[in-house]
Amino acid sequence: MDVLSHLHRQIADFTASLHREGFLDEQFTQLQKLRDESTPDFVNEVVSLFFEDCEKLVTNMARALESQTVDFKQVDSSVHQLKGSSSSIGATKIKNICIAFRTYCEAKNREGCVRCLQEVDHERVLLKNKLQTLFRLEQQFVTAGGSIPALQ
Amino acid sequence: MVEENNFRVLVVDDDSVVRKIHEMMLSKHGMEVWLAENGKAAVDLHEAGARFNLILMDLETPIMNGREATRQLRAMGVDSAIVGVTSCTSELEQRNFMAAGLNDCVSKPLSIHKIASFLPFTNTKNVITHGCTSSSSNSNRIDNEST
């Protein structure tokens with residue numbers, strides 16, 4: 001098997017595993033289909049933006065949950081935003097945690113909120129590492145002479 | 001290169017990830033995309049004379065939410081297709097949003113197939129704008145500073 005075919009296979013298998021393990025859903029596939037030769041970095045850019053925003057939201061929520069008087073409405077607003085952006089990039093696990101997280105916000109349950117926030121942060125780190133691996137493989141594929149459309 | 005078809009869309013969402021994705025989905029199909037970070041920016045744009053074939057309106061935006069923005073746009077006589085896009089699962093919230101004057105309301109995430117389903121609602125006549133210019137790129141962004 002030549003280098004390109006080997007890399008292509010690796011990328012396909014790795015992507016399939018991310019879907020199988022519930023990290024990503026069909027929405028991520030839709031994003032990948034949007035990129036082409038003129039916008040090869042589209043998915044990377046969107047994902048980078050997502051993780052930047054996600055880290056800010058997690059920091060803000062952590063600060064809010066440490067307050068003596070927790071503003072659950074503010075926390076809920078951040079969770080709502082994170083739920084929207086995570087579903088838009090296909091980050092299933094993070095999205096699902098946000099659904100549970102909102103329930104705890106509505107119930108004004110600080111412990112539940114803190115637990116969910118920890119889960120969100122854990123999944124954020126995991127997903128970021130997984131996607132960095134995927135993007136690295138794709139970059140190797142392109143460097144070896146492969147084209148973006150071949151990855152779709 | 002995709003040929004522009006003068007179909008103009010305004011994407012109203014406070015989330016930069018969502019704006020970027022919707023912008024790509026729409027411009028890839030030849031639509032001219034304008035971006036607004038909140039409901040007030042959308043209303044301001046229309047007060048300045050801009051008009052759109054389709055407005056994708058997020059419900060929860062700061063300064064002015066999507067429901068209030070929709071209500072104001074309809075009160076101004078804006079007859080563009082306005083589709084609510086929200087990750088809010090409450091049926092009551094969605095009903096209230098619809099009641100503000102939406103043509104339809106869908107949940108996030110958007111896909112190009114969902115977008116295609118809105119097209120029958122749109123006005124296919126050319127959009128006439130007054131005093132608004134678009135940049136050389138396909139996308140334009142309007143935002144308001146928080147008060």
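The shown structure was predicted, so the numbers you read here are calculated from the model rather than taken from an experiment. (Residues numbered from 1 in each chain as written. Chains lettered and ligands numbered in written order. Predicted model: local features only at pLDDT ≥ 70, side-chain atom pairs only at ≥ 80, totals over all residues. Heavy atoms only, no water.)

1. Some remarks on the interface of chain B and chain A
Alright, step 1. Contacts between the two partners involve 17 residues from chain B, matched on the other side by 20 residues from chain A.
Alright, step 2. Carbon and sulfur atoms supply 62% of the area that chain B and chain A bury against each other, a total of about 1800 Å² over both sides.
Alright, step 3. Of all residues in chain B, Val17, Lys20 and Met24 of chain B give up the largest surface area on contact with chain A, accounting jointly for 29% of the area buried on that side.
Alright, step 4. Between chain B and chain A we count six residue pairs in polar contact (both at pLDDT 80 or more) in total.
Alright, step 5. Of the residues in the side of chain B that touches chain A, the class split is eight nonpolar, three polar and six charged. (Contact = heavy atoms within 4.5 Å. Buried area = accessible area lost by both parts, 1.4 Å probe. Polar contact = N/O pair within 3.5 Å; in protein donor to acceptor, adjacent residues only side chain to side chain. Nonpolar A, V, L, I, M, F, W, Y, C, P; charged D, E, K, R; others polar.)

2. Re the pattern of salt bridges
Alright, step 1. All chains considered together, the criterion is met by 16 salt bridges over all chains.
Alright, step 2. As a salt-bridge pair, Glu55 of chain A and Arg124 of chain A come within 3.2 Å of each other at their nearest N and O atoms. Of this pair, Glu55 of chain A sits in helix H3 (residues 42-66) while Arg124 of chain A sits in helix H6 (residues 110-143), and the two are 69 residues apart along the sequence.
Alright, step 3. A residue is classified by how much of its surface remains accessible, and Arg124 of chain A, at 12% relative accessible area, is buried.
Alright, step 4. In this structure, Arg67 of chain B engages Glu93 of chain B in a salt bridge whose closest nitrogen and oxygen atoms are separated by 3.6 Å. Here Arg67 of chain B is found in helix H3 (residues 66-75), whereas its partner Glu93 of chain B is found in helix H4 (residues 91-99), with 26 residues between them in sequence.
Alright, step 5. Classification of Glu93 of chain B by relative accessible area gives partly exposed; the value is 29%. (Salt bridge = Lys/Arg side-chain N within 4 Å of Asp/Glu carboxyl O. Helix = DSSP H or I, 4+ residues; strand = E, 2+ residues; numbered from the N terminus. Buried < 20%, exposed > 50% of the residue type's maximum accessible area, 1.4 Å probe, protein only.)

3. Quick word on the UniProt feature "domain: HPt" (unreviewed entry) in chain A
Alright, step 1. If you check UniProt for "domain: HPt" (unreviewed entry), the listed places come out as residues 39-134 of chain A in our numbering.
Alright, step 2. Strand forms 0% of residues 39-134 of chain A and helix 86%; the C-alpha atoms that close the span are 17 Å apart. (UniProt positions renumbered as here; feature names shortened; annotations may be inferred.)

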